Amino acid sequence: MEKKKIIIGTFVALILIGAACAGTVYYYLFAPQFHPKKTVYIYIDRDDTADSIYNKVEQQGHPRSFTGFRWMAQYKKYSENIHTGRYTIRPGENVYHVFSRLYRGYQEPTNLTVGSVRTLDRLARSVGKQLMIDSAEIAGLMNDSAFQQKLGYNKETLPCLFIPETYQVYWDMSAEEFFERMQKEHQKFWNQERLDKATAIGMTPTEVCTLASIVEEETNNTPEKPMVAGLYINRLHTGMPLQADPTIKFALQDFGLRRITNAHLAVESPYNTYLNTGLPPGPIRIPSPIGLDAVLNHTKHNYLYMCAKEDFSGTHNFASNYAEHMKNARKYWNALNERKIFK
């Protein structure tokens with residue numbers, strides 16, 4: 001009888017110990033532990049260590065207890081299995097789910113905005129601020145002639161690779177992966193319909209991109225862009241120089257110029273479309289999809305000249321002959337003089 005009591009007592013004790021252990025494990029690993037006010041993101045870089053990651057998770061995740069996380073990290077030898085990336089911690093999540101995400105490298109995608117910017121250096125800086133890649137890595141590949149050739153471009157035409165848009169990517173993508181993604185997006189944009197439209201106006205995608213960049217520098221007015229594109233296409237088809245002021249600014253690398261003078265027009269540069277006929281060697285900015293489509297869907301008209309409107313609205317007066325154009329030009333010059341704008 002006494003022996004039976006001992007067995008039952010031992011059994012009950014084991015059950016209680018087991019329940020206590022199970023409760024402890026449940027509390028530290030499976031009960032809601034993280035309590036940020038909203039979903040937060042942990043960014044794990046190449047130089048992060050287990051300790052620095054612990055600090056990030058604690059500071060941003062606001063766990064009620066961090067003991068279970070450390071248990072899991074030690075048991076799984078997390079310090080030897082660190083994955084870079086962007087990871088989520090949501091309000092009310094438990095340690096098991098958060099740790100498993102980091103340990104297995106289950107990242108949360110991030111938005112990468114490729115902007116319609118004027119220079120590749122600016123694009124490299126922008127991408128470097130949004131991703132783990134150092135901007136110098138991106139710029140290094142952009143300036144590598146062998147890499148440019150591999151992509152099918154040169155230093156003048158490389159801006160044509162990029163289609164400004166917001167893309168979902170992984171934060172820790174490599175520079176090479178970034179360019180691979182840009183190639184895929186470029187091919188997606190240049191579908192058969194767009195390729196056919198480019199062929200119909202006698203242009204390659206790179207030439208469309210180059211003209212679109214000029215159009216977008218000429219006007220910020222979206223409805224007017226197909227009109228401006230049509231004018232330049234008329235000039236190209238008749239062998240007239242484009243005489244586009246934005247190309248002079250690009251040649252001088254002075255984008256703040258508001259008044260182009262004869263001295264500016266004399267600049268020796270393949271981008272000077274007053275001295276050289278045809279398109280310049282490459283785009284003068286990375287044009288937006290709207291600008292590219294403005295060229296592909298340009299307005300058909302007989303205009304060959306345009307001049308900024310004297311009301312400084314950002315739109316233009318168009319003319320089909322030089323005499324009419326000079327009337328429009330004088331209105332604009334007078335407006336510049338009245339406002340004392342001389343450069």
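So, how was this worked out
- Residues numbered from 1 in each chain as written.
- Predicted model: local features only at pLDDT ≥ 70, side-chain atom pairs only at ≥ 80, totals over all residues.
- Heavy atoms only, no water.
- UniProt positions renumbered as here; feature names shortened; annotations may be inferred.
- Phe/Tyr/Trp six-rings, centres within 6.5 Å; stacked < 30°, edge-to-face > 60°.
- Helix = DSSP H or I, 4+ residues; strand = E, 2+ residues; numbered from the N terminus.
- Buried < 20%, exposed > 50% of the residue type's maximum accessible area, 1.4 Å probe, protein only.
- Contact = heavy atoms within 4.5 Å.
- Domains from an automatic or database assignment.
- Core = buried A, V, L, I, M, F, W, Y, C linked by side-chain atoms within 4.5 Å.
- Salt bridge = Lys/Arg side-chain N within 4 Å of Asp/Glu carboxyl O.

As recorded in an unreviewed UniProt entry, the chain goes by Endolytic murein transglycosylase and comes from Bacteroides uniformis. For the chain, the Catalytic activity (unreviewed entry) comment in UniProt is given as "a peptidoglycan chain = a peptidoglycan chain with N-acetyl-1,6-anhydromuramyl-[peptide] at the reducing end + a peptidoglycan chain with N-acetylglucosamine at the non-reducing end." According to the UniProt record, the Sequence similarities (unreviewed entry) comment for the chain is "Belongs to the transglycosylase MltG family."

Participant: Where do I start with the packing of aromatic side chains in this structure?
Facilitator: In this description, an aromatic ring pair is defined by two values, namely the gap between the centres and the angle between the planes. Within the structure shown, the criterion is met by 17 aromatic pairs. Relative to phenylalanine 99, the ring of phenylalanine 69 has its centre 5.4 Å away and its plane inclined at 85 degrees; by these criteria the two rings are edge-to-face. On the criterion of sequence distance, the pair formed by phenylalanine 69 in helix α3 (residues 67–75) and phenylalanine 99 in helix α4 (residues 95–104) is long-range, its members being 30 residues apart. Here phenylalanine 69 matches phenylalanine 99 in class, with each residue buried.

Participant: Where do I start with the UniProt feature "site: Important for catalytic activity" (unreviewed entry) in the chain in this structure?
Facilitator: When the UniProt feature table is mapped onto this chain numbering, "site: Important for catalytic activity" (unreviewed entry) sits at Glu218. Along the chain, glutamate 218 turns up in helix α10 (residues 205–218). The buried category is assigned to glutamate 218, whose relative accessible area is 17%. Setting aside residues no more than four positions away along its own chain, glutamate 218 makes contact with Val228, Tyr232, Ala244, Asp245, Pro246, Met306 and His316.

Participant: Is there a simple way to explain the domain arrangement of the chain in this structure?
Facilitator: Interfaces are often described in size by the accessible area the parts lose on coming together. Each domain of the chain was delimited in the assignment, giving domain 1 (22–107), domain 2 (108–188), domain 3 (190–300) and domain 4 (301–342). Computed from C-alpha atoms alone, the centre-to-centre distance between domain 1 and domain 3 is 52 Å.

Participant: Would you mind showing me how to read the nonpolar core here?
Facilitator: Soluble, globular proteins show a tendency: their nonpolar side chains are buried together. Judged by nonpolar contacts, the single largest core of 57 residues is most densely connected at Leu123, Met142, Phe162, Phe178, Phe179, Tyr232 and Val295. Among the elements that line this core, the one with the most residues is α10, at six residues. Inspection of this core shows a minimum of three residues originating in each of domain 2 (108–188) and domain 3 (190–300). Contact partners of phenylalanine 178, with chain neighbours within four places excluded, come to Leu112, Val127, Ile133, Ile138, Phe162 and Met173. Counting residues in hydrophobic clusters, the runner-up holds 20 residues, among them Ile44, Ala50, Val57 and Tyr87.

Participant: Please explain the environment of glutamate 108 as it appears in this structure.
Facilitator: In this structure, glutamate 108 sits in the loop between α4 and β3 (110–114). When the C-alpha positions of glutamate 108 and arginine 86 are compared, they lie 5.7 Å apart, and in sequence the two are 22 residues distant. Apart from the residues within four sequence positions on either side, glutamate 108 is in contact with Tyr41, Arg86, Thr88 and Arg90.

Participant: It is not clear to me how the pattern of salt bridges should be interpreted in this structure. Could you clarify?
Facilitator: Where charged atoms from two side chains of opposite charge come close, those side chains can pair. Enumeration over the complete set of coordinates arrives at 12 salt bridges. Taking the shortest distance from any N to any O, the salt bridge between glutamate 185 and lysine 188 comes out at 3.7 Å. Of this pair, glutamate 185 and lysine 188 both sit in helix α8 (residues 175–189), three residues apart, which is roughly one turn of the helix. Its salt-bridge partner being arginine 285, residue glutamate 217 comes within 2.3 Å of it at the nearest N-O pair. With glutamate 217 in helix α10 and arginine 285 in the loop between α13 (262–265) and α14 (289–296), this pair connects stretches of sequence that are 68 residues apart. Side by side, glutamate 217 and arginine 285 carry an identical accessibility label, which is buried.

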